Amino acid sequence: MLYGSEKQQWLQPLIATFNARKISACDGPITINATPIGSGASMNRILAGEQVDIWAPASSWWLSLLNEQWTQQHPSSRPIIGSGADAATVLVSSPVVIAMWEPLARALGWPDKAIGWADIAALSVDPRGWDAVGRPDLGAFTFAHTNPALSNSGLNALAAMAYAAAGKTNNLTCQDVQRPAVQTFVGNVESSIIYYGESTGFFADQMLARGPSFLQAAVLYENLVVEANLKPRTGASAPPKLVAIYPKEGTFITDHPFVIPDADWVTPAKRAAAQVFRAFLLDTPQQRQAIALGFRPSPQSHVAVSAPLDSAHGVDPRQPQSGLGIPSAAVNACLLTTWGAQRRRVDVMLLFDRSGSMAGAKLAAAKAGLQAFLGFLDPSDAVGLTVFSTTAQVISPVAPLGPKRDALRANIEQISAAGQTRLYDSIYEQATALQQATGKHIRALIVLTDGEETVNIGLWPELLDRLRAAGVGSGTGVKIYTIKYGDDARKDVLDQIAQAGGTGSAREGSPADIQQVYEEISTFFSSPSNS
Amino acid sequence: LVVLDPSRWGLSEWVTAITGLLAVLGAVYGCTRFLLRNIWTVEDRRRRELLSAFATLVVAGAAGGILLEIWRRSQPAPPAPPTLTFQFTYGTEKDAWITAAVARFHATSPRLSNGWAIRVALDARGSILTADEISRGGLDTDAWCPASSVELAQLRGALETDPTHTSLSFVSDEPVSLATSYLALLSLWPERTRLLRQALGKIDWDTLHTAYTAPGGWTTFGGQASWGGVKFGHTKPTTSNSGLMTLITLAAWHARAMGETIPPTASVTHDPRLQAFLWVYEDAVRQFGQSTGSFTGCVLSAYAASHDLIVTYESDILAIAGSHTQPIELFYPSLTMICDHPFAIFARQHDPNTALKQEAARRFRAFLLEDAQQREARSYGFRPINPALPLSSSIPGFLSDVASHVAVMPPPTRETMLALQTAWTTRYGDPTVSPGC
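The rules behind each value
- What you see as residue numbers is a count from 1 along each chain, following the sequence as written.
- Chain letters and ligand numbers both follow the written order, the letters beginning at A and the numbers at 1.
- Totals for whole chains, interfaces and linings use every residue, but because this is a predicted model, local features are given only for residues with pLDDT of at least 70 and side-chain atom pairs only at 80 or more, for both listing and counting.
- Note that the side-chain values use all heavy atoms of the structure and ignore hydrogens as well as water.
- Under the scheme used here, helices are H or I runs from DSSP no shorter than 4 residues and strands are E runs no shorter than 2 residues, and both carry numbers assigned from the N terminus.
- Note that the radius of gyration is over C-alpha atoms, with the globule rule given as 2.2 Å times the number of residues to the power 0.38.
- We call a residue buried when its accessible area falls under 20% of the maximum for its residue type, exposed when it is over 50%, and partly exposed in between, using a 1.4 Å probe and counting protein chains only.
- With residues, only the protein chains shown are counted as cover, and all accessible areas are computed by Shrake-Rupley using a 1.4 Å probe.
- Under the counting rule used here, the positive set is Lys and Arg, the negative set is Asp and Glu, and His together with the chain ends is not counted.
- Positions of charges follow a simple convention, taking NZ of Lys, CZ of Arg, CG of Asp or CD of Glu.
- DSSP-based pairing: two strands are paired if at least 2 bridges between them are found.
- Crossover handedness is defined here as right-handed if the route from the first strand over the helix to the second strand goes clockwise, with the strands pointing away from the viewer.
- By definition in these notes, contact holds between two residues if any of their heavy atoms fall within 4.5 Å.
- Buried area: the accessible area, evaluated with a 1.4 Å probe, that two parts lose upon being put together, summed over both parts.
- The term salt bridge refers to a pairing of a side-chain nitrogen on Lys or Arg with a carboxyl oxygen on Asp or Glu at a separation within 4 Å.
- Any pair of N or O atoms that falls within 3.5 Å is considered a polar contact. Within protein, one atom must be able to donate a hydrogen and the other to accept it, and sequence-neighbouring residues count only if both atoms are side-chain atoms.
- When residues are grouped by polarity, Ala, Val, Leu, Ile, Met, Phe, Trp, Tyr, Cys and Pro land in nonpolar, Asp, Glu, Lys and Arg in charged, and all others, Gly among them, in polar.
- To obtain each axis, a line is fitted to C-alpha atoms, and for helices this fit is confined to the stretch in contact; angles are then taken between N-to-C directions over 0 to 180 degrees.
- Should the near helix be turned anticlockwise from the far one by less than a right angle, the crossing is left-handed, and should it be turned clockwise, the crossing is right-handed.
- Cysteine sulfur atoms are paired as a disulfide whenever they fall within 2.5 Å.
- Within 6.5 Å between ring centres, the rings of Phe, Tyr and Trp (the latter by its six-membered ring) count as paired, and their orientation is classed by plane angle as stacked under 30 degrees, edge-to-face over 60, tilted in between.
- Here the expected length of a helix is defined as 1.5 Å per residue gap, with one fewer gap than residues.
- The arc in question is formed by the directions pointing from the helix axis toward the C-beta atoms.
- Patch membership needs two things, relative accessible area over 30% and no salt bridge, and members are linked within 9 Å if like-charged or within 5 Å if nonpolar (Val, Leu, Ile, Met, Phe, Trp, Tyr).

A. Up close: the overall build of chain A. Scanning chain A for helices and strands turns up 19 helices and 17 strands. Taking 24 Å as the expected radius of gyration for a compact globule of 531 residues, we find that chain A reaches 24 Å, a close match to that expectation. A principal-axis box enclosing the C-alpha atoms of chain A has dimensions of 65 × 60 × 50 Å. Within chain A, buried positions represent 60% of all 531 residues. Total accessible area on chain A is roughly 18,900 Å²; 52% of this is exposed by carbon and sulfur atoms. Across chain A, 41 positive and 46 negative side-chain charges occur, with their mean positions spaced 3 Å apart.

This is the structure in structure tokens:
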């Protein structure tokens, strides 16, 4: 089973409970082997040949997208998602909302004034930032949504923006999406994005962990707002309440379909087992657990909406007042294509450890990871390369990739391993250099190291204070991604640097999977058309 | 087992049993006399003899009764009459009523005229898909009760065009309506439709056309900007009866306005003016439903934001009204269609029991038309055939005498329905539907 990661907190314990009960359907006790993953990413895995018996993406949008691409891949076969009434069932639902800190929402006039995408677009490009609504202390507006090629909420956000810009609430067309006024509108909102990403839950976690100075608003599901507000807040520095803004132009409702593919590998026994599991999830106790986590119950369950779906937890069960028409698969493809041009560009410095311990296969695999990463970027993205060992050397300063792609690839191939690990100073130098850059690009520093600091150990933990003092990791500041490469690097140190840099925690990689690690990081700022 | 089963006894067993019984009776007589003389001291000899004889007779009678019962139970039971099972296919909108009714029918131990027992095998399916499956030879059934005569007309037309794929044919008696239900409009947001009525005077197909073409959406009628455009809703007309009926009714409304005949003919469906008229409504749909049976409940509980008014069956609205807490309102458009739930019986060419199955189906049909079952149908929101059993509801907008307020259009030909479905598919393809709705 592949299911949307936004449901992990609900489904993971339920799957464990279900497996422990050893319920039988046709041929012995049923065991559900489930993986939480972004909706787009799971669709790509099915298209790549993974034989999934149950699929539960965030929204039924993905069903028609998968069917369209599946029939293109397999012209002589039937659609993988059937059209019968039993083909898909709503597990739970949740509207797509703009989550914003309550004091900031109130500055925009919430809850008395209906707020929508037009307000977000205007705030994004107003050079006065929050000063335009009388709150100069809040600085520039910062916003985030997930990568629309990989995540449901990102695609929903993109479509909702296009609808708002086109002045429509239904029947969005490719012509609408390609109109200059629509592209400008979407581009305006995108200009305030601090980064993209694969997981909607990641934004919710980051918002709550780091507060308004890190991210002021993000496109989330309503249940994530409830979930965030259910967490205890203590101390004066605790962030305020998060509230759900239901865009006045209308929004989408994620309906979390439970799908049993109409595929040959789904045997009658597996189908029967899946149906038993589905009935379990729709049963009243499981639906009540979903409500407790902020989801709205399945229409098939006949369980009523109740607390914590209330204003005390930042949401309004009477909302949304207007739904948007679901775009066709063709329109979604147009949205993604045009987003490639509208998305906020990135200035990224690749900081690469070439100390002596990297020699051999480790270095070769890491260089292949760097090469792969370049493939995920657009020619208009700016990239730089700095290597460090006993000293640091800027091989290529941050500049648009297009004119220098071949040269940069050659530079990467020439990297050799020798010397010690000058990690801390190199991070600080490159982070502050990026911080001083002009322009409205996303600024990112990606650090790969296979060892511990050996040159200036005394800079720890002062490094973290310096990074924070420089504004790294906050709002429009530099985002630092750290990669623990191999077994010798210190995970705790790299985690703290990543936290200070606003990216959660360190990624872990090895020569076998370093390309995937770079690819995962690229989802925070790259377009799928480049991959 | 031989000892307990007199049917297996031989002479020696009977001699032993009778001797034993006489010995027991003699002992009873002797004991009684002894007790009467020494314990209870009855002095009168004649009375003693009479009482002893009476006690012996009681014991003899009881013992004889027990032996007879053992013998009776040991006899093989008379053979049960054969059971004839017939398959009854019906529209999913009636599932709750029919499932309960069949349980009651079986409880009456129904029999055919030849004494055979009747069993009903239930098969709930969407009506439009059933018509397709039968005509393609993919489904053999003995009786069918779709949502309306629309599907019967579809099947008749298909069988007239090409009857070679199926061994089924309609029997000579006409389908009988089990109950009725009107195609109606359900407002999910009564405070919004109130504004429409204030601005346009009524809720009907023509005023909805005006509402759906209003450039300002709800703000045109004094509503809030956050309500968005005025939204329509119904099920997919290619797979669901109520969706197809919606298209047919709209086409008929347009034909009547153009001075043409109704029901509309297939040729009219190519008229660009009709298509432009239809697409105003269809473009106002945010998300089509999959199946009428689940559509109303699904929209009310999860997708209210994407619908202002939906077209559905009056029965579905009434059935759900009791459990729904939010305000809703019912409207009857002045031109509508009726779901008459016709019970049709088939002859199966290669089935030697087809005549018996037809009799069984008629017996079941008669049962469903009894007053008690019609009252049950009424509790599920259906209008009973018997006018002495009127339907009532407290839901705002409900009309018990709706027939005097609306015109009901008969089903058009199969060609017209196919042409409408084709035109719709050309424009909307196979749109994403709400899962399970």
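Following the structure, the description resumes.
B. A look at the pairing of strand β2 (residues 117-125) of chain B. Residues and elements named next belong to chain B. Looking at chain direction, strand β1 (residues 83-91) and β2 are connected through nine bridges and run parallel. If you follow Q87 over to β2, its bridge partner there is A121. Note on the crossover from β1 through helix α3 (residues 95-107) to β2: the handedness is right-handed.

C. Main features of the interface of chain A and chain B. Tallying the contact residues gives 25 residues for chain A and 25 residues for chain B. Across the chain A/chain B interface, buried area totals approximately 2,000 Å², and carbon plus sulfur atoms make up 50% of it. Its largest share of buried area at the contact with chain B, chain A owes to P299, Q321 and I326 of chain A, together 25% of the area lost on that side. Between chain A and chain B we count zero salt bridges in total. Linking chain A with chain B are 11 residue pairs in polar contact (both at pLDDT 80 or more), by the criterion used here. If one sorts the elements of the side of chain A that touches chain B by residue count, strand β4 (residues 88-90) of chain A sits on top with three residues. In the side of chain A that touches chain B, the residues fall into nine nonpolar, 13 polar and three charged.

D. Structural detail: the packing of helix α1 (residues 11-38) of chain B against helix α2 (residues 45-74) of chain B. All names here are of chain B. Contact geometry of α1 with α2 gives a least axis separation of 9 Å together with a crossing angle of 145°. Where α1 crosses over α2, the handedness of that crossing is right-handed. When α1 is examined against α2, the residues L21, L25, V28, Y29, T32, R33, L36 and R37 are found in contact with a partner set consisting of R48, E49, L51, S52, A53, A55, T56, V59, A60 and A63. Among the residues forming the contact of α1 with α2, the class breakdown is 11 nonpolar, three polar and four charged.

E. The arrangement of the state of the cysteines in detail. Per the stated rule, a full pass over the model turns up one disulfide over all chains. Each sulfur of the disulfide joining C174 of chain A and C334 of chain A lies 1.7 Å from the other. Its S-S torsion of about 90° marks the bond between C174 of chain A and C334 of chain A as right-handed, since a negative value means left-handed. Of this pair, C174 of chain A sits in helix α7 (residues 174-178) while C334 of chain A sits in helix α13 (residues 329-342), placing them 160 residues apart in sequence. C334 of chain A shares its class with C174 of chain A; the two are buried. C339 of chain B carries a free sulfur, and the closest cysteine sulfur to it, the one in C145 of chain B, is 10 Å from it.

F. Expanded view of the side chain of T416 of chain B. Residue and element names in this part refer to chain B. Of note, T416 is situated in helix α14 (residues 414-428). The class for T416 is buried, based on a relative accessible area of 0%. One polar contact links T416 to T413, side chain to side chain, over a distance of 3.0 Å. What T416 contacts, discounting residues up to four positions off in sequence, is P264, T265, A266 and T269.

G. Quick peek at the packing of aromatic side chains. Residue and element names in this part refer to chain A. For the structure on display, the rule yields 44 aromatic pairs over all chains. Measuring from ring centre to ring centre gives 6.3 Å for F277 and F280, while their planes differ by 20°; the resulting arrangement is stacked. Of this pair, F277 and F280 both sit in helix α11 (residues 268-282), three residues apart, roughly one helical turn. With respect to burial, F277 and F280 carry one shared label: buried.

H. Structural detail: helix α1 (residues 8-21) of chain A. Residues and elements named next belong to chain A. Here α1 contains 14 residues, and its C-alpha end-to-end distance of 20 Å stays within 8% of the 20 Å for a straight helix at 1.5 Å per residue. Looking at α1, one finds that the buried residues are W10, L11, L14, I15, F18 and N19. Down the axis of α1, the buried set is contained in an arc of 135°. They therefore lie on one face. Contacts from the buried residues of α1 go to β1 (2-4), β5 (92-101), α11 and α12 (284-292). K22 sits one or two positions beyond α1 and adopts a positive phi of about 50°.

I. Representation of a nonpolar patch on the surface. Residues and elements named next belong to chain B. Together, F34, L35, I39 and W40 line one region of the surface with nonpolar side chains, adding up to about 440 Å² of accessible area. Secondary-structure assignment places F34 in helix α1. Under the relative-accessibility criterion, F34 is labelled exposed at 51%.

J. Unusual backbone geometry, seen in detail. Note that the residue after Q319 of chain A, namely P320 of chain A, is joined by a cis bond; omega there is -5°. Looking at the secondary structure, you find P320 of chain A in the loop between β11 (296-297) and α13. Following W460 of chain A, the chain continues to P461 of chain A via a peptide bond in cis, the omega torsion being 5°. As for its position among the elements, P461 of chain A is in the loop between β15 (442-449) and α17 (462-469). Of note in this structure, H302 of chain A is not a glycine but carries a positive phi near 60°. Tracing the sequence through the fold places H302 of chain A in the loop between β11 and α13. Residues other than glycine seldom take positive phi values, yet H341 of chain B does so here, at roughly 45°. Structurally, H341 of chain B can be placed in the loop between β10 (338-339) and β11 (342-348).

K. Focus on the sheet that holds strand β16 (residues 479-485) of chain A. Residue and element names in this part refer to chain A. The strand order across the open sheet built from six strands is β14-β13-β12-β15-β16-β17, with neighbouring strands paired in mixed fashion. The open sheet is flanked by β14 (392-400) and β17 (507-509), the only strands paired with a single partner. Pairs of neighbouring strands in the sheet enclose a mean axial angle of 15°, with direction left out of account. Note: β15 against β16, six bridges, orientation parallel. The partner of V447 across the bridge, within β16, is T482.

L. Seen up close, the environment of L318 of chain B. Residues and elements named next belong to chain B. By the secondary structure assignment, L318 is in helix α11 (residues 314-321). Distance in space between the C-alpha atoms of L318 and S392 is 9.2 Å, their sequence separation being 74 residues. Those residues in contact with L318, other than ones at most four positions away along the chain, are L330, G381, L391, S393, I395 and F398.

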